[in-house]
Amino acid sequence: MIRLAAGLLLVLLAAGQAAAADGPVPVRIAVLAFRGAENALNRWSPTADYLSARVPGHRFQILPLSLEQMGPALAGGGVDFVLTNTGNYVALEGSHGISRIATMRSPAKVEAGNVFGAVIFARRDRADIRALGDLKGKSFMGVQHDGFGGFQMAWRELKEAGIDPFTDFSSVTFSGFPQDEVAFAVRDGRVDAGTFRTGTLENMDLEGRIDMDIFRILAPKSYSGFPFLVSTRLYPEWPFAKLRRTDPELAQAVAIALLSMPADDPAAVAGNYGGWTVPLDYQPVHDLFRELRIGPYEHLGEITIGELVRQWGHWGLVILVILVGSLVWAATTERLVARRTRELSAANLELERQIAARLRAEGQARRRRAELSHMHRVSTMGEMASGLAHELNQPLAAIGNYARGGLRRLRGGGGTSDQIAEALERIAAQGDRAAAIIKRIRGMVRKDAPVRAPVPVSQVVREVAELMRAEAERQKADIELDLDDDLPQVTGDVVQVEQVLLNLIRNGLDAVSTVSAGVRRVTVRGRRAPDGGAVISVADNGPGLPDGAPGAVFDPFFTTKERGLGLGLSISQSIVQSHGGRLTARNGRPGAVFEFTLPPVPPAPEQDAEGRGNGES
Ligand code: ADP
């Protein structure tokens, strides 16, 4: 049936387009054919002809459509105007943007104006049905489920009375057209009550097809000027509507033609209406739809979980998946982070424990080294005591000599004050020399914690050589110095550096003491290292490192000397290493060469870099 009607629609559209090529412009009016296409064509073609006659250059055609065909036809683009029932108009207004240009008037013979309603009725002899509330559990008949006057108007009133037709009635049936069948079904007791549009009962009665007195009107209303029995609110009649794309001038011409149609025009008579009036307010229809949640308000219903799932289910699923994914991810990450944190803090604790143990051990080792080193210095000084005594003896003897010479001159009365002053100056100078020797010895035996400070290498080498002078003389050996002019300062502990030099020079002197012929010589060289530090070597012309064990000389307690301790080189090596340098031993030609490095003074912050640089050069 639908397919047949669609075919007809296509044929009509094609015919319209063919006609457009020559002759008047075809204008198509889609008409709701609730009683079939033929009925609609019969009813409305005179109206189309009326318009063709009033709007020059246009040929109006009727396009009979079912409710279902309306939407697609309007979307298709072959339709210019729409003539449909009030309910369908409001639905299309929302979905297809059509707008009314005139409202139909009810047929002139019943003087109903341009509004209509519905009547709800039962047999008067049914004592059990007097009000809408009595209809619960009863059977009910309307014209069409989608019928505006034929069901929806009554539905609204029933709903307001607390009755849901689809759950509270024992049955709901629809007669279809002709709607007269509803009245017959109620009359014959096939249903308990029924509804159809206002005026129908009066028409049937007028035509003698039924006696309307046998019916009781439920929830009767009265509206001034409205002549029919009515149970519902009143709503505007069918509108004549244009589409959004309809030419505005054409729409205006059509509206003027419709409004000027006399109530008794043959077109109105054929269409069973009473002409046209200005478009009415269709808001009450919207209200009905909204209340019943149908038509354009179908999806306005309470938001149930089911509807949500139906409408937004796919997004919900996506969000759910993302949410669950995020939760799982967050939980996994958190667990992982917690585990890693535990592992890390355990590792940290272990690390801290190890660091503390190592620091303790290092501290202990440092203290032992310092004690050992101090002990060794003291013992070295002890061993050098006779040499040092000799060293001190020289200035003391000189002081004695100068003092006695001065006294002699004073007593003999021969000395001038200048000569006396000169003697005193020499005494003072020798006193200073003795004090310097004492100071160096005290420095060597003092027991201070090592400190790191800039050490002037040249000066330290000279002072140690001075300290060893008596010893060297005793051994009949020379201490030669060969120092670069630009020998830099190094970083270190001055006493420790002195100790290393002392050990190496003493070993050198010991080694050359075995040389029977020729010069006995110990040479101290100082060179600037490529990294800015210093390389110091102590070479001798003795017999060289012990055969077969040149590397063993650094082992603690390794000694080839009768009264040796075997600690000097081991202590020197650890001192040099603790300064970040290296102490090595090799054979020279002849003798042995001991060489060690000391690190440069680290670059100072800018403000005093200049001062130190000047001091050095
Ligand atoms: P000690 O001098 O008490 O023996 P050292 O640790 O200073 O202790 O020296 C260890 C050994 O290294 C010496 O006994 C000696 O055999 C060897 N040695 C050190 N310096 C020299 C040197 N300049 N020439 C040859 N042998 C040396």
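Residues numbered from 1 in each chain as written. Predicted model: local features only at pLDDT ≥ 70, side-chain atom pairs only at ≥ 80, totals over all residues. Heavy atoms only, no water.

1. Some remarks on the site of the ligand
What counts here: Here, proximity means that at least one heavy atom of the residue falls within 4 Å of the molecule or strand. Under this definition, polar contacts are N or O atom pairs within 3.5 Å; protein pairs additionally need one hydrogen-donor-capable and one acceptor-capable atom, and for neighbouring residues in sequence, both atoms have to be side-chain atoms. To measure how exposed things are, a 1.4 Å probe is used in the Shrake-Rupley method; for residues, cover is taken only from the protein chains shown. Here a helix means four or more residues in a row that DSSP labels H or I, a strand means two or more in a row labelled E, and each is numbered from the N terminus.
Around the ligand sit 18 residues, and of these Asp540, Thr559, Thr560, Lys561 and Leu569 come closest. One nitrogen or oxygen atom from the side chain of threonine 560 is found 2.4 Å from an oxygen atom belonging to the ligand. Contact distances for the ligand include 3.0 Å between an oxygen atom and a backbone N or O atom of glycine 566. About the coverage of the ligand: the protein hides 92% of its 530 Å² of free accessible area. Looking at the shell around the ligand, the elements that each hand over two or more residues are α17 (494–512), α18 (568–578) and β20 (592–598).

2. Section: unusual backbone geometry
Between phenylalanine 177 and the following residue, proline 178, the backbone shows a cis peptide bond with an omega angle of 0°. Structurally, proline 178 is set in the loop between β8 (171–174) and α7 (180–187). Along the chain, arginine 589 connects to proline 590 via a cis peptide bond; the corresponding omega equals -5°. The backbone of alanine 219 sits at a positive phi, close to 50°, despite the residue not being glycine. Position of alanine 219 among the secondary structure elements: in the loop between β10 (215–217) and β11 (235–236).

3. Section: the sheet that holds strand β6 (residues 118–123)
Counted only if it meets this: Strand pairing is assigned whenever DSSP identifies at least 2 bridges connecting the two strands. Comment: axis = line fitted to C-alpha atoms, over the contacting stretch for helices; angle = value between 0 and 180 degrees taken between N-to-C directions. Contacts are assigned to residue pairs that have any heavy atoms within 4.5 Å of one another.
An order of β8-β7-β9-β6-β10 is seen for the 5 strands of this open sheet, with the pairing classed as mixed. This sheet does not close on itself; its edge strands, each paired only once, are β8 and β10. The sheet shows a mean angle of 30° between the axes of neighbouring strands, direction not considered. Bridging between β6 and strand β9 (residues 193–197) involves 5 bridges; their strand directions are antiparallel. Its bridge partner lying in β9, alanine 118 is registered against arginine 197. Contacting β6, β7 (139–142), β8 and β9, helix α5 (residues 148–160) runs over the sheet at an angle of about 120° to β9.

4. What about the packing of aromatic side chains?
Rules: The rule is short: rings of Phe, Tyr and Trp, with Trp giving its six-membered ring, pair when the centres are within 6.5 Å, and they are stacked under 30 degrees, edge-to-face over 60, tilted in between. Here's how the labels work: a residue is buried when its accessible area is under 20% of the maximum for its type, exposed when over 50%, partly exposed in between, all with a 1.4 Å probe on protein chains only.
Scanning the model with the defined rule gives 21 aromatic pairs in all. With a centroid separation of 5.2 Å and 70° between ring planes, the pair formed by phenylalanine 148 and tyrosine 235 is classed as edge-to-face. A residue pair is termed long-range when its members are at least 10 positions apart, and phenylalanine 148 in helix α5 and tyrosine 235 in strand β11 qualify at 87 residues. Residue class for tyrosine 235 comes out buried when judged on its relative accessible area of 0%.

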